[in-house]
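# Reading the structure
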Amino acid sequence: GFNSNQAKFLVAEIGRENSYNPNILFAFHNDPKRGYNAGMISWQDKRKEKLISDLQKQGLSLGKIPETEQEQQRLITAMARYIIWEIRNDPKYQRTRKQFLENPNVTNETAIEVLGNNYIRWRLTDPNYRSKGLKNRAIFLN
């Protein structure tokens, strides 16, 4: 459901979020400020619960690295589909839907801002974290 431009920016954000570490990508990890986060974009709280429920309906779960590449791909695809569903259906992400998902020519700058502040909600405005996060994102973008 993402075009190549949107996918490129989302993949950079996933890299920034967890450095493609399979122990984070397919599991839960501790966030000292928020408890345990889940999956490839570190879903939290009710968002995490909804993701887990969606995955369970598909016979999938988080918590351990799937044994085969096919199983890993199935779980990644399910989380990507969940991202699209969440952006399209949750009114909190209306701005992400309009500026990112409905914009096939979204720019890198817009993707950083809208995904960072509205959708993934990482500490983009935190001066203690911003530069490190943007540097890490740029590595994965390239």
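In the block above lies the structure referred to throughout.
Let me sum up the structure you'll find in this document. Source: prediction; values computed, not measured. (Residues numbered from 1 in each chain as written. Predicted model: local features only at pLDDT ≥ 70, side-chain atom pairs only at ≥ 80, totals over all residues. Heavy atoms only, no water.)

### Side note on the packing of aromatic side chains
Applying the stated criterion across every chain, the model contains 6 aromatic pairs. Grouped by ring-pair contacts, the aromatic residues Trp43, Tyr82 and Trp85 constitute a single cluster. Above the face of the tyrosine 119 ring, arginine 47 is positioned so that its terminal group lies 4.8 Å from the ring centre. (Phe/Tyr/Trp six-rings, centres within 6.5 Å; stacked < 30°, edge-to-face > 60°. Lys NZ or Arg CZ within 6 Å of the ring centre and 35° of its normal.)

### Notes on unusual backbone geometry
Most peptide bonds adopt trans geometry, and most residues besides glycine take a negative phi value. Phi angles above zero are rare outside glycine, and serine 19 is one such case at about 55 degrees. Overall, serine 19 belongs to the partly exposed group, its relative accessible area being 42%. With phi around 50 degrees, aspartate 45 is a residue other than glycine that occupies positive phi space. Along the chain, aspartate 45 turns up in helix α3 (residues 45-57). By relative accessible area, which is 38% here, aspartate 45 ends up partly exposed. (Buried < 20%, exposed > 50% of the residue type's maximum accessible area, 1.4 Å probe, protein only. Helix = DSSP H or I, 4+ residues; strand = E, 2+ residues; numbered from the N terminus.)

### Regarding the pattern of salt bridges
Counted under the stated rule, the structure contains 8 salt bridges. We note a salt bridge from arginine 16 to glutamate 17, for which the minimum N-O separation is 2.6 Å. Assessed through its relative accessible area of 21%, glutamate 17 is described here as partly exposed. A salt bridge links arginine 95 to glutamate 113, with the nearest nitrogen and oxygen atoms 2.7 Å apart. In this pair, arginine 95 sits in helix α5 (residues 94-101) while glutamate 113 sits in helix α6 (residues 108-119), placing the two residues 18 residues apart along the sequence. Judged by relative accessible area, arginine 95 falls into the partly exposed class, the value being 31%. Among the charged side chains, a network of salt bridges with common partners joins Glu13, Arg16, Glu17 and Arg137. (Salt bridge = Lys/Arg side-chain N within 4 Å of Asp/Glu carboxyl O.)

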